[in-house]
Amino acid sequence: MTQKLPFVTLEQAQAIIADVPTPFHLYDEKGIRENARRVNAAFAWNKGFKEYFAVKATPNPYILKILQEEGCGVDCSSYTELLMSEACGFTGSDIMFSSNDTPVQDMQKAYELGAYINLDDLTHVEFLQQVAGIPKTICCRYNPGGVFDLGNGIMDNPGDAKYGMSEDQMAQAYTKLMALGAEEFGIHAFLASNTVTDEYYPKLAGILFRLAVRLHERTGAKIKFINLSGGVGIAYRPEQRSNDIAKIGEGVRKQYEEILVPAGLGDVALFTEMGRYMLAPYGGLVTTVLHEKHIYKEYIGVDACAANLMRPAMYGAYHHITVLGKESKPCDHKYDITGGLCENNDKFAIDRMLPKIDKGDVLFIHDTGAHGFSMGYNYNGKLRSAEVLLKEDGSHQLIRRAETPEDYFATFDFTPFFKKS
Ligand SMILES: *Cc1c(COP(=O)(O)O)cnc(C)c1O
């Protein structure tokens, strides 16, 4: 079993903690940049390639700026994500707007920014026309229905998913959009999540490339881009093998040359919309041990809780844990690692073998860089944590302060109880 090591040592963590108290999410700038460069290199064979980082995974302007410097755009799905992206200087074709059940205000903002709008349904053609207008370039989201099976135990269930439209609806949408002035089209689909295999993108690409050829023949629409969306997974568990993005890029290239090029569609740009793969391994939740408790099991209580990282409570997701400074100690103690919510699912780990833990130890919960902080909430009056960037030169920077009780009570500022003085 390969050891999974944090990107900080205990000494580095302690230097940060002296400045920013735990808990906080820590991000590794070097790791983020190197990974983004690997992604761009893997798809460099495609002239128009662009990764649109899924903002919902890590909505922090400092993180978005790093990715922008590495040539990425952003994928937004809501009004506030659009506002954050605008504040970071993303506009026009730097933005994919992949929303569903879309409010009027969100659609109007996306249109105003000149984003590539990805329509989730046939009825949204009329909706977009009524509330904003039909842009020259427009994308539609595809749902093939049925079961999507990668044949290696990894499958998902598009037939049960609320997203996208059928092939017939795609064709109808394109025809309608052309009549309303659209000139260039995109195709988008997201068929499986957190796929730890190099086969997902190539298989999805094959499906979407063939669909592109059929839609082009059927409607005459000019296909400008195909968006493979997100879903590329990471190795949360130490025994899992990480995806090889270079191999994934090559797999997609093969499909491109077999399907699109012979059909005369060799100028189609490829987009991706990864969140997890871009950020998850390059973030960790740093938390201090507050209590030890011995009842029917051994509990370690930390100062973070599920409100800071929801994935274990919500999906039973595995997040690896390192006791900083005890990396080489034997894992000969079995613990449940808990937060303080009044919910028994508030456990970062259950029956986890770890080195002997003492009060005051600092734990590093791995792979929280995506869908970590962002899924946070305020249950039990718990406050959202800070976010800290570990910079390439080894220094650190606060990139979001922790919430205070004043933030928590801010929405009562019109009442006599918490009036701003
Ligand atoms: C969530 C989401 C993504 C990113 O998914 P990851 O699993 O983080 O790669 C991309 N596109 C859309 C439309 C999404 O909803």
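Reading the values: the criteria
Residues numbered from 1 in each chain as written. Predicted model: local features only at pLDDT ≥ 70, side-chain atom pairs only at ≥ 80, totals over all residues. Heavy atoms only, no water. Domains from an automatic or database assignment. Contact = heavy atoms within 4.5 Å. Buried area = accessible area lost by both parts, 1.4 Å probe. Salt bridge = Lys/Arg side-chain N within 4 Å of Asp/Glu carboxyl O. 1 Å grid on protein atoms, 1.4 Å probe; cavity = no way out; pocket = protein on both sides within 12 Å on 5 of 7 lines; lining within 4 Å. Points joined across faces, edges and corners; volume = space filled by probe spheres on them. Nonpolar A, V, L, I, M, F, W, Y, C, P; charged D, E, K, R; others polar. UniProt positions renumbered as here; feature names shortened; annotations may be inferred. Helix = DSSP H or I, 4+ residues; strand = E, 2+ residues; numbered from the N terminus.

Looking at an unreviewed UniProt entry, the protein chain carries the name Diaminopimelate decarboxylase, with the source organism given as Subdoligranulum variabile DSM 15176.

Caption draft 1: How the structure looks around the domain arrangement of the protein chain. We note that the domain assignment places domain 1 (29-280) and domain 2 (281-409) within the protein chain. For domain 1 and domain 2, the distance between their C-alpha centroids amounts to 32 Å. Opposite the 26 residues of domain 1 that make contact, domain 2 presents 22 residues. Between domain 1 and domain 2, the buried area comes to about 2,000 Å², and carbon and sulfur atoms account for 56% of it. On the domain 1 side of the contact with domain 2, Glu 29, Tyr 236 and Ala 280 bury the most area, a combined 30% of that side's loss. Here domain 1 is connected to domain 2 by one salt bridge. Glu 392 is paired through a salt bridge with Arg 33; the nearest N and O atoms lie 3.5 Å apart.

Caption draft 2: Local environment of empty space enclosed by the protein. Across all of its chains, the model carries two cavities of 30 Å³ or more by this definition. Lining the largest cavity are Arg 141, Tyr 142, Asn 143, Pro 158, Ala 161, Tyr 163, Phe 190 and Leu 191. Of the residues assigned to the lining of the largest cavity, the class counts are six nonpolar, one polar and one charged. Empty space within the second largest cavity amounts to approximately 30 Å³. In terms of lining residues, the second largest cavity is bounded by His 25, Ala 307, Asn 308, Phe 373, Gly 376, Arg 384 and Ser 385. In the lining of the second largest cavity, the residues fall into two nonpolar, four polar and one charged.

Caption draft 3: Broad picture of the UniProt feature "domain: Orn/DAP/Arg decarboxylase 2 N-terminal" (unreviewed entry) in the protein chain. The positions UniProt marks with the feature "domain: Orn/DAP/Arg decarboxylase 2 N-terminal" (unreviewed entry) are residues 32-279. Note that residues 32-279 is 41% helix and 17% strand, and that its end C-alpha atoms are spaced 6 Å apart.

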